[in-house]
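Examining the three-dimensional arrangement
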Amino acid sequence: DVTTLTVHRTLSPLPTLASLPFSSIRILDLSKNSLGSHAFSSICYAIAGAPPSLVDVDLSVNQANSDCCAAVGHMVANNQFIERLNISDNPLTTSLGDTLGKAMAVNKSLVALNVASVGLVNASTLFAGLRPPLKALNVANNTCAPASWNVLGESMAAGLALSSLKVRSADMGNDGAAALAGGIRVHKCMASLEVSSCGLGAQGVVELLEAMGTSAAAEKVVLSENKISRAADMAANALKMLLKQRPGLVEVDLSECDLSGSDGDAFAEAIGHAKGLQSVDFSGNSFREESGVILKASLLKLYKAGNRVASVKYGRNSVEKLLVMDVMADDFDESEAEGAWLPDALDLSDSKPAAEVLEALANLLQADGCTLNEVTLNNNPMGKPPGLGRLPRGAAQPPPIIASLLKEPAARARLQTLSLHNAQLKDAGAVYIADFIKTAGWMIRDLDLGFNEIGDSGTTALAEAAAAPGNALVRLQLRLNRIRNEGAKKLADALHTDECVLEFLSISSNIVGTGGLRALMEAVPFCKTIATLELDGQKEAVWNEHDFSAGAKKLAGAIRDRSVDLPPLKVNTVAIDGMGHASQILDCGAVQTEYALKHKKSLLSFQDCLDISGALRGPFTPAEFEALVGGFGSVAGQAPSWLAADQMRRRAAYINHLQLSITKDRLDDFLESDADAAVEEIVIGVEKAMKTPNGTAWVLFKDEKSLEKVMKMYHDGRAAIYGSPFIISRAQPQISGDSSEGIDIQGDLAARAAREAARKADDKANVDALQAKVMEKQKNQKAAYGGSDMGVSHANTLGGQNLDGKGYGSKYDPGKPW
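All values derive from a computational prediction rather than experimental measurement.

Helices and strands together make up the secondary structure of the chain, namely 28 helices and 27 strands. With the C-alpha coordinates of the chain rotated into their principal frame, the extents come out at 105 × 80 × 70 Å. Classification of the 818 residues of the chain by burial places 53% in the buried group. Across the chain, the 80 positively charged side chains and the 96 negatively charged ones have centroids separated by 4 Å.

Time to look at unusual backbone geometry. The omega torsion across Pro132 and Pro133 is 15°, close enough to zero to call that bond cis. Tracing the backbone through its elements, the reader meets Pro133 in the loop between helix H4 (124-129) and strand S6 (136-138). At Gln424, a residue that is not glycine, the phi angle is positive and equals roughly 60°. When you line up the elements, Gln424 lands in the loop between strand S15 (417-419) and helix H15 (426-439). Given the relative accessible area of 48%, Gln424 is considered partly exposed. Despite not being glycine, Leu480 shows a phi value in the positive range, around 55°. With respect to the helices, strands and loops of the structure, Leu480 is situated in the loop between strand S17 (475-477) and helix H17 (485-496).

Quick look at the sheet that holds strand S23 (residues 679-686) now. Across the sheet, which stays open at both edges, the four strands sit in the order S23-S24-S22-S27 with antiparallel pairing between neighbours. The open sheet has two edge strands, S23 and strand S27 (727-730), and neither has a second partner. Between one strand axis and the next, the sheet turns through 20° on average, direction left out of account. Sheet analysis places S23 next to strand S24 (residues 693-701), joined by six bridges and oriented antiparallel. Bridging from a neighbouring strand, Val683 pairs with Trp698 of S24. Docked against the sheet, helix H25 (residues 664-674) engages strand S22 (652-656), S23 and S24, running at close to 135° with respect to S23.

The terminal C-alpha atoms of helix H6 (residues 173-187) lie 22 Å apart, and with 15 residues this matches the ideal 21 Å at 1.5 Å per residue to within 8%. Those residues of H6 that fall on the buried side of the exposure criterion are Gly173, Gly176, Ala177, Ala179, Leu180, Ala181, Gly183 and Ile184. On its buried face, H6 is in contact with helix H5 (146-157), strand S7 (164-168), strand S8 (192-196) and helix H7 (202-213). A positive backbone phi angle near 55° is found at Lys188, which sits one or two residues after H6.

Here is the key point about a regular strand: its side chains alternate between the two faces of the sheet. Where burial is concerned, most of S23 is hidden: six out of the eight residues are buried. Taking the residues that link successive antiparallel strands as the turn, the S23-S24 hairpin has six residues, and the phi of Lys691 there is positive, at about 60°.

Residue placement: Thr4 occurs in strand S1 (residues 4-6). Each C-alpha atom, one on Thr4 and one on Ile25, is 5.6 Å from the other, the two residues being 21 residues apart in sequence.

Counted according to the given criterion, the structure contains nine aromatic pairs. Consider the rings of Phe127 and Trp149, whose centres lie 5.3 Å apart with planes at 50°: the pair is tilted. Within this pair, whereas Phe127 is found in helix H4, its partner Trp149 is found in helix H5, the two being separated by 22 residues in sequence. Per residue, the accessibility class of Phe127 equals that of Trp149, and both read buried. Look at Phe282 and Phe287: their rings are 5.2 Å apart centre to centre, the planes differ by 40°, and that puts the pair in the tilted class. Each member of the pair, Phe282 as well as Phe287, is classed as buried. Three or more aromatic residues joined by ring pairs make a cluster, and in this case those are Phe282, Phe287 and Tyr314. Across from the ring centre of Phe504, 4.2 Å away, lies the NZ or CZ of Arg475, which sits over that ring.

Mapped onto the secondary structure, Pro91 falls in the loop between strand S4 (84-86) and helix H3 (96-104). Sequence separation of Pro91 and Thr696 is 605 residues, and the distance between their C-alpha atoms is 16 Å.

Going through the model one piece at a time under the given rule, you end up with 27 salt bridges. For Asp716, the salt bridge goes to Lys712, with nearest N and O atoms at 2.9 Å. Residue Asp716 is classed as partly exposed on the basis of its relative accessible area of 44%. Salt bridges sharing partners connect three or more residues here, namely Asp56, Glu83 and Arg84.

Further remarks concern the side chain of Ser66. The residue Ser66 is located in the loop between strand S3 (56-58) and helix H2 (69-78) in this model. Apart from the residues within four sequence positions on either side, Ser66 is in contact with Pro91, Leu92, Thr93, Ser95 and Glu687.

To continue, consider H25. Listing the buried residues of H25 in full gives Leu667, Phe670 and Leu671. All buried residues of H25 fall inside an arc of 90° around its axis, so they share one side. Contacts from the buried residues of H25 go to S22, S23, S24, helix H26 (704-715) and strand S25 (720-721). Asp676 sits one or two residues past H25 and shows a positive phi near 55°.

The axes of two packed helices give the description: the angle between them and the distance between them. Between helix H18 (residues 514-523) and helix H19 (residues 549-561), the shortest axis-to-axis distance is 8 Å and the interhelical angle comes to 20°. Of the possible angle classes, the one that applies to H18 and H19 is roughly parallel. Our pair here, H18 against H19, has a crossing hand that is left-handed. Of H19, the residues touching H18 (which contributes Arg518, Met521 and Glu522) are Ala550, Gly551, Ala552, Lys554 and Leu555.

Running from N to C, H17 and H18 point in directions that differ by 10°, and their axes come no closer than 8 Å. In terms of their interaxial angle, H17 and H18 are classed as roughly parallel. In this structure, H17 contributes Asn485, Ala488, Lys489, Leu491, Ala492, Leu495 and His496 to the contact, and H18 contributes Thr514, Gly515, Gly516, Ala519, Leu520 and Ala523. Residues that form the contact of H17 with H18 fall into these classes: seven nonpolar, five polar and one charged.

Cut-offs and rules
Residues numbered from 1 in each chain as written. Predicted model: local features only at pLDDT ≥ 70, side-chain atom pairs only at ≥ 80, totals over all residues. Heavy atoms only, no water. Helix = DSSP H or I, 4+ residues; strand = E, 2+ residues; numbered from the N terminus. Buried < 20%, exposed > 50% of the residue type's maximum accessible area, 1.4 Å probe, protein only. Lys, Arg positive; Asp, Glu negative; His and termini not counted. Charge placed at Lys NZ, Arg CZ, Asp CG, Glu CD. Pairing = 2+ DSSP bridges. Axes fitted to C-alpha atoms, helices over the stretch in contact; angles between N-to-C directions. Contact = heavy atoms within 4.5 Å. Expected span 1.5 Å × (residues − 1). Phe/Tyr/Trp six-rings, centres within 6.5 Å; stacked < 30°, edge-to-face > 60°. Lys NZ or Arg CZ within 6 Å of the ring centre and 35° of its normal. Salt bridge = Lys/Arg side-chain N within 4 Å of Asp/Glu carboxyl O. Arc of directions from axis to C-beta. Parallel < 35°, antiparallel > 145°, perpendicular 65-115°, else oblique. Left-handed = near helix turned anticlockwise from the far one by under 90°. Nonpolar A, V, L, I, M, F, W, Y, C, P; charged D, E, K, R; others polar.

Right under this line is the structure:
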C-alpha cells in the first residue's frame, strides 16, 4: 500500500490524478509547487474532509497569500486526524494568526505545527488558541511582537505542554524570554528549545537556561546569536547548573554570542560538568588562548568520566592552546597526548591555526584512542606558506600548509571528512590532496574544496582521484572555483568509470560552458551511485558554444529509465545563460532549471488541485466552493457568480501569475488576437485586504471551442504578455448539488457590464479632455509663429527660442511664455 505521496514536476507520463491512491496515504507532500491562492485553498478545503488515514501534510514553499488564511483555518478546524502540518514559507501575512488561532482552539489532533516564514508580525492571537495535544511549534523567521510571548507563556500555563519550540529572528527580548521561561516551568517537559537571534541579553538567557533545568526531558538548547557579554558569568553559571541537573542534555549551541575574555573561560569550564553532552558549539565568539586550555581540560574530564563529546565547533576562537600541548606545565596530563578526548567532529573555521597547531592535531590523530574523523577548516589559509614569493621557473613547489595535517599516513587514516572551503589552496593544493587519494590510498569520503581558485589542472587531479581503484570518495564539493570545460570533462570521464562511487558532485558557480556541462549530463546514466549533481550558476554563457540539447535529451531519457533501486536523482542547472530548449526538455522535480520559474510552469494547476480535492475528499458542497473562490458577487475581491453554474464553468478558465500591471482590456486583446478566442467576460482578481490586483483572473468564453483554443495555446508555451508567461487552467470542480441556486448570475453580469461601460466612458472622456488641451496648446503655439506649423515643434524642442527665418532667436519676446 502507498503511504506517502509526493507530487512534483516529472518527465515521466503522469497518471490521472484522480487515480492516485489518496484514500490510503498517510503523508501528502505538495510542497514547492508554486500553488497560488485558489489552488492552495482548494487543497486546504479538500484536506478538511480527507480520510482519517492522512496524518502528515506538507504545503510549504508555495505562494499562498492572505486570501488563503480562511481556508487554512477551515482545514485545521474541521480535520481532527492530521497530526503534523507544515505551511511554512508562504506569504500568508500576520492575518494567519487570527484564523489559525481560532481553529487551533478546537483542533484535537495536531501534534506538530510549522508556520516558519509566513509573515507573522504579531502572533498573540495564534498563541492564544494553542491547545493540547500540540507538542512541537516552529515559528522561526517571524517577527512575533514582544506581547506574543506573554500570550504563549499564558497558554503554556493554561495547559499547552510544548516539548519542542523553534524561534529565530523574533522580537522577544529579555521580557519575552522571562514569559516563555515561566511557561516551560509549568509542565517541565521541554526537550528541544531553539531561540536564536531574538534580542536576548544575559538576563533572558539565564531565565531560559534555568527553566530548562526544571525539564526532565531537556535534550537540546540553542541560544545562538544573542549578545550575552554583559553579566555572562551568570549565564555561564546557569549553563553549569543545567548540565549538572540534566544528563539527557546532548546539544548546546551558544555560537556568535559575543563572548570573550573571562566570559569564554567560564563557559569552557561549565562544559566540564556535563553528563551526557554530545555536541557543543562555541563558534563565532572570541575565546582567548586561556579558554582553549580550560576547554581542553573540560573535554578531558568528560572523556575520563566516560562522557566524551562527539562534536565541537570552535571556529573564530583562539585554538593554539586547545591543541598544542605544554608538557612543561604543572598541570600537564599525560592523557592529553592520547587524543582520545578529542571529539569525532571538530570545526576550527575562521581560527587561523598556524602550521604547528596542525602538526599538533596530526600527532593527536595518530594516537590509538583518537576517534576524530571529521575536521572543518573553512576560511583559513591552507595553501602556499606565508612569506613565500614567486618561485623560479622549474623550482619544486613547496607543500601547502595543510600538509602539516595530512603528511602522516596515520593521521590521514583517521580522517573521513575534510572541509577546506576558502582555504587558498589553488591548483597546487588540490593536486597535493588528490595525490594522497590516488597513490597513498587515503579513504576520504567527504571533501569540500569550494572557493579555492582551483582550475582545470587541479580538477583533473581530483577527477583522477575519484576514479582511482578502491577510492571511497562519495562527496566532492568544488563550487566557486575556476573550472572550465576541460576540468568538467575530466569529471565526466570519472563518472563513466566503475571505480567512481561519487554520490554528490558540485561544480556550481564556475566557468564551465556547453561542452563540459553536456559531458556531465551525459555521464549521469553511467554512474549508478550519483544522486546529486550541481551545475548551476556557470559564468560561461552556454550560447557562446554549440547547443547541447542532445545532452539534455540523454539526461531526460536517463531520468525516465532510472531504476527505482537507485537513489533519487537531483540535478541543478539554474542560472545557466542560454540553455534555451534544453531547459524545457529537462525541467522536472529531478532536474531544477529556470524554465519553471520563467515560464510559470507548475505540475499542479488549479484544475489539478481541484482533481486532487475530488479524489481526496469527494465533491465540494456549494458553500465550500463559494468560500474557496472568495465568495460570489460583483464586489471587488469576489469571484464572478457564473462560476456557480456548471454549464458556464465548462467554458471558463482560471489564470494566475499575471503581471500585476496587466489590465482587463490587454488580456482581452491577447486572448482574442493570439488564441482567436471569443471572450464574454473577464474578472481581474484582487486581494481582499488591499483591493489591489493579485495576478489572477477569471475568464468566461462565449463557447467551449474558445476555451479549447486557449488551453492549446498555453500547452504550446505561447501564453505570455510583454514576455511574461502565465498559467491558464480549467475551473471544473466536483460539486454536490446545484451551487447556483439563489444566485442572480445575470444580474451580476449586468452590474459588472454597466460598471465596465461606465469605466470605459470615463476613460474616453478623460482622453478627449486631454486631447482637447493638447490641440488648444498647439493652436496657441501656431498663432505665436504667425500661423506657421514650425512653431508647434520648435516651441517644444528649442526651449522658447524663436526662429525668425534668419537663424535662432534673433528676437526675444517676454510676452510669449515658451
